[in-house]
Amino acid sequence: MAQLRGASVARGERTVWSGVDLDLTAGEFVAILGPNGAGKSTFLEVLLGLLPLRSGSATVLGAPAGERRERIGYLPQRRAFDAGVRVRGRDLVALGLDGARWGIPLPGRGAGARGRVDAVLEEVGALAYASRPIGECSGGEQQRLLIAQALVRSPEMLLLDEPLESLDLPNQASVSALAARFCRERGITVVLVAHDPNPLLPYVNRVVYFGGGRVMAGSPAEIITTEALSALYGAGVEVLHRSDGRLVVVGQPDTPAHHHEH
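Scope of this entry: the structure provided in the associated data block.

Definitions and cut-offs
Residues numbered from 1 in each chain as written. Predicted model: local features only at pLDDT ≥ 70, side-chain atom pairs only at ≥ 80, totals over all residues. Heavy atoms only, no water. Buried < 20%, exposed > 50% of the residue type's maximum accessible area, 1.4 Å probe, protein only. Salt bridge = Lys/Arg side-chain N within 4 Å of Asp/Glu carboxyl O. Helix = DSSP H or I, 4+ residues; strand = E, 2+ residues; numbered from the N terminus. Pairing = 2+ DSSP bridges. Axes fitted to C-alpha atoms, helices over the stretch in contact; angles between N-to-C directions. Contact = heavy atoms within 4.5 Å.

One non-glycine residue, leucine 61, lies in positive phi territory at about 55°. For leucine 61, a relative accessible area of 8% gives the class buried. Backbone geometry at serine 154 places phi at a positive 55°, although glycine is not the residue there. Classification of serine 154 by relative accessible area gives partly exposed; the value is 48%.

In structure tokens:
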């Protein structure tokens, strides 16, 4: 689905990461983790062809990055919608079909488009509140509607940039399980950027950690270790093993000034 070889990327004069060799396969759920400013969102921009590499190559869906962007669903970072936003949830999802076009919907598209919107709303479990204004929906409900928007054109790859941010723990687990189901049932490759690995660990197939200008990739058991994460973060991180076999990551919070000028 995607292949990077010797990939390096920069913003201005600053090299964000370099020497990256990475493959993404069909139906794989990949968590992109790492400290602030390490290049997690930058990686998604490279896959979308929005940011050129300084060196190396990036192939996505069998073509140079960006050439087949219409086959990729993308959910960028966001903040919650203001309570005064009156656009209905289902209309927001429909923008995934027609949002890039000018003018009124094409004749004959109405019933088919409504059917696709209803189908994807049912798939993400959002039909019950899809007719409410998006501003009246909870954070978890808004996130499901936005994921539905990214899915409505039946993409082969789904890129989610921090979809768990600002959600409570039950909704974080719910969105993570939903992404895993897309991989399992539809064969979609899901790439999800997050700060906290804990809600994702029961579901992901592979972890890619960005830190210190380099990348480590492997199964959660290979990458989620005290030694590996402490080295990547440059801070004390401890990986605990629960009695049920699950991993829990604990450590010092990020210091934004250490990673980024903001």
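Below, the discussion takes up the pattern of salt bridges. On inspection of all chains with the given rule, the structure shows 10 salt bridges. Here glutamate 156 ties to arginine 71 by a salt bridge, and the two come within 2.6 Å at their closest N and O atoms. Residue glutamate 156 is found in the loop between helix H4 (139-151) and strand E7 (157-161), and its partner arginine 71 is found in the loop between strand E5 (63-64) and strand E6 (72-75); the two are separated by 85 residues along the sequence. A relative accessible area of 31% places glutamate 156 in the partly exposed class. According to the relative accessible area criterion, arginine 71 is partly exposed, its value standing at 28%. Salt-bridge contacts for glutamate 141 lead to arginine 132; the nearest nitrogen and oxygen are separated by 3.2 Å.

Our next topic: the sheet that holds strand E9 (residues 206-211). Within the open sheet, the 6 strands sit side by side as E6-E7-E8-E3-E9-E10. Their pairing is mixed. What marks the edges here is a single partner per strand, and that holds for E6 and strand E10 (214-218). If you compare each strand with its neighbour and ignore which way they point, the axes differ by 15° on average. Strands strand E3 (29-33), E6, E7, strand E8 (189-193) and E9 of the sheet are contacted by helix H1 (residues 40-48), whose axis makes an angle of about 150° with E7.

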